[in-house]
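# Chain and residue survey
The residues making up each chain are set out below.
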Amino acid sequence: MSRIRRPQITIAQETLGHLEALVEGAALVTPALADRLLEELARAKILPAARMPLDVAGIGSRVSWRDETTGRVQTAVLVWPEDADIDAGRASVLTPIGVALLGLKVGARFPWQTRSGETRELVVLSVDQSASAGQGNRS
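Calculation rules
- For every chain, the first residue of the written sequence is number 1, and numbering continues from 1 onward in sequence order.
- Only residues with pLDDT of at least 70 get local features here, since the model is predicted, and only at 80 or more are side-chain atom pairs given and counted; chain-wide, interface and lining totals rely on the full set of residues.
- Only hydrogens and water are removed before side-chain values are computed, so all heavy atoms of the structure are retained for them.
- Elements are defined by DSSP. Helices are runs of H or I of four residues or more, strands are runs of E of two residues or more, and each kind is numbered from the N terminus.
- In this treatment the radius of gyration is a C-alpha quantity, and the globule benchmark scales as 2.2 Å times the residue count to the 0.38 power.
- Contacts are assigned to residue pairs with any non-hydrogen atoms lying within 4.5 Å of each other.
- Only four residue types enter the tally: Lys and Arg on the positive side, Asp and Glu on the negative side, with His and both chain ends excluded.
- Where a charge lies is defined by one atom per residue type: Lys uses NZ, Arg uses CZ, Asp uses CG and Glu uses CD.
- The pLDDT score gives, residue by residue, the confidence of the prediction method on a 0 to 100 scale.
- Any two strands with at least two DSSP bridges between them are considered paired.
- Whenever a helix is involved, its axis is fitted only over the stretch in contact; in every case the axis is a line through C-alpha atoms, and angles between N-to-C directions fall within 0 to 180 degrees.
- What a helix should span is 1.5 Å times the count of its residues minus one.
- Buried means the residue's accessible area, taken with a 1.4 Å probe over protein chains only, is under 20% of the maximum for its type, while exposed means over 50%, and partly exposed covers the values in between.
- Here the arc refers to the directions that run from the helix axis out to each C-beta atom.
- When a carboxyl oxygen of Asp or Glu lies within 4 Å of a side-chain nitrogen of Lys or Arg, that pair is called a salt bridge.
- Residues belong to one nonpolar core when they are buried, are Ala, Val, Leu, Ile, Met, Phe, Trp, Tyr or Cys, and are joined through side-chain atoms within 4.5 Å.

Once that is clear, we can look at the overall build of the protein chain. When helices and strands are tallied, the protein chain shows three helices and seven strands. Against the globule reference of 14 Å for 139 residues, the protein chain gives a C-alpha radius of gyration of 14 Å, in line with a compact fold. In terms of overall dimensions, the protein chain has a C-alpha envelope of 35 × 35 × 30 Å along the principal axes. A separation threshold of at least 6 residues defines the contact pool for the protein chain, and within that pool the share at least 24 residues apart is 62%. Charge centroids of the protein chain, computed over 16 positive and 16 negative side chains, lie 6 Å from each other.

Now the structure itself:
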């Protein structure tokens, strides 16, 4: 696959501390994933939650994306690891797809690695913030 330019990502300031703590906790268990999340945090534009664009995926957002390799469209709410339940459509931010989606806006294309190590490209189709109630800005 050709090298895909990574789009700008935006993260709510109120979630940054919790995300950094996740990186520290995951560093021993899943170092590659922890490094990927840390890399994304380092390049992110940080904004107060009140200034976050509504079309950007964050904790509590319901995100729909298309896997450009398979054409498959999926939807999940991006959540903290302790709230994850993939059968209920809640994907942890500390998974390959969660790290890939965090901070992306509608229309963004992004390369991500599946759990099996395959590199694919995803396209964000929609972001719905109404799923955010109760998920919000834990720090």
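What follows concerns the confidence of the model for the protein chain. Confidence in the prediction for the protein chain averages 88 pLDDT; 91% of positions are at 70 or higher. Confidence drops under pLDDT 50 across residues 133-139; counting only partners more than four residues distant or on other chains, this segment forms 20 contacts.

Judged by pairing direction, the sheet is mixed, and its five strands sit side by side in the order 5-4-3-7-6 without closing on themselves. Every interior strand has two partners, whereas the edge strands, strand 5 (90-92) and strand 6 (109-113), have only one. The average undirected angle you get between the axes of adjacent strands in this sheet is 50°. Of the strand pairs in this sheet, strand 4 (residues 73-79) and strand 5 are connected by three bridges, and their pairing is parallel. Bridge pairing in strand 5 links V79 to S92.

An ideal rise of 1.5 Å per residue puts 18 Å on 13 residues; helix 2 (residues 31-43) measures up with 18 Å between its terminal C-alpha atoms. All of the buried residues along helix 2 are L33, A34, R36, L37, E40 and L41. The arc that holds the buried residues of helix 2, viewed along the axis, is 160°, so those residues lie on one side. Pointing more than 90 degrees away from the buried face of helix 2 are the exposed residues A32 and A42. Residues of helix 2 that are buried make contact with strand 1 (10-12), helix 1 (13-26), helix 3 (96-101) and strand 6.

A word on the pattern of salt bridges. Oppositely charged side chains can pair when the atoms bearing their charge come close. Under the counting rule described, the total for this entry stands at eight salt bridges. As a salt-bridge pair, E40 and R43 come within 3.0 Å of each other at their nearest N and O atoms. Note that E40 and R43 are positioned in helix 2 at a spacing of three residues, about one turn of the helix. The class for E40 is buried, based on a relative accessible area of 2%. Of the residues examined, R43 reaches a relative accessible area of 25% and is grouped as partly exposed. With a closest N to O distance of 3.8 Å, R90 and D85 form a salt bridge. Owing to a relative accessible area of 29%, R90 belongs among the partly exposed residues under this scheme.

Here we take up the nonpolar core. Counting residues in each nonpolar core, the largest one holds 33 residues, and the members touching the most others are L19, V93 and L122. Of all elements in the fold, only helix 1, helix 2, strand 3 (62-67), strand 4, helix 3, strand 6 and strand 7 (119-128) reach the threshold of two or more residues within this core. Element by element, the count of residues in this core is highest for helix 1, at five residues. Sequence-distant contacts of L19, defined by excluding residues within four places in its chain, comprise I11, L37, L41, W80, V93 and L102.

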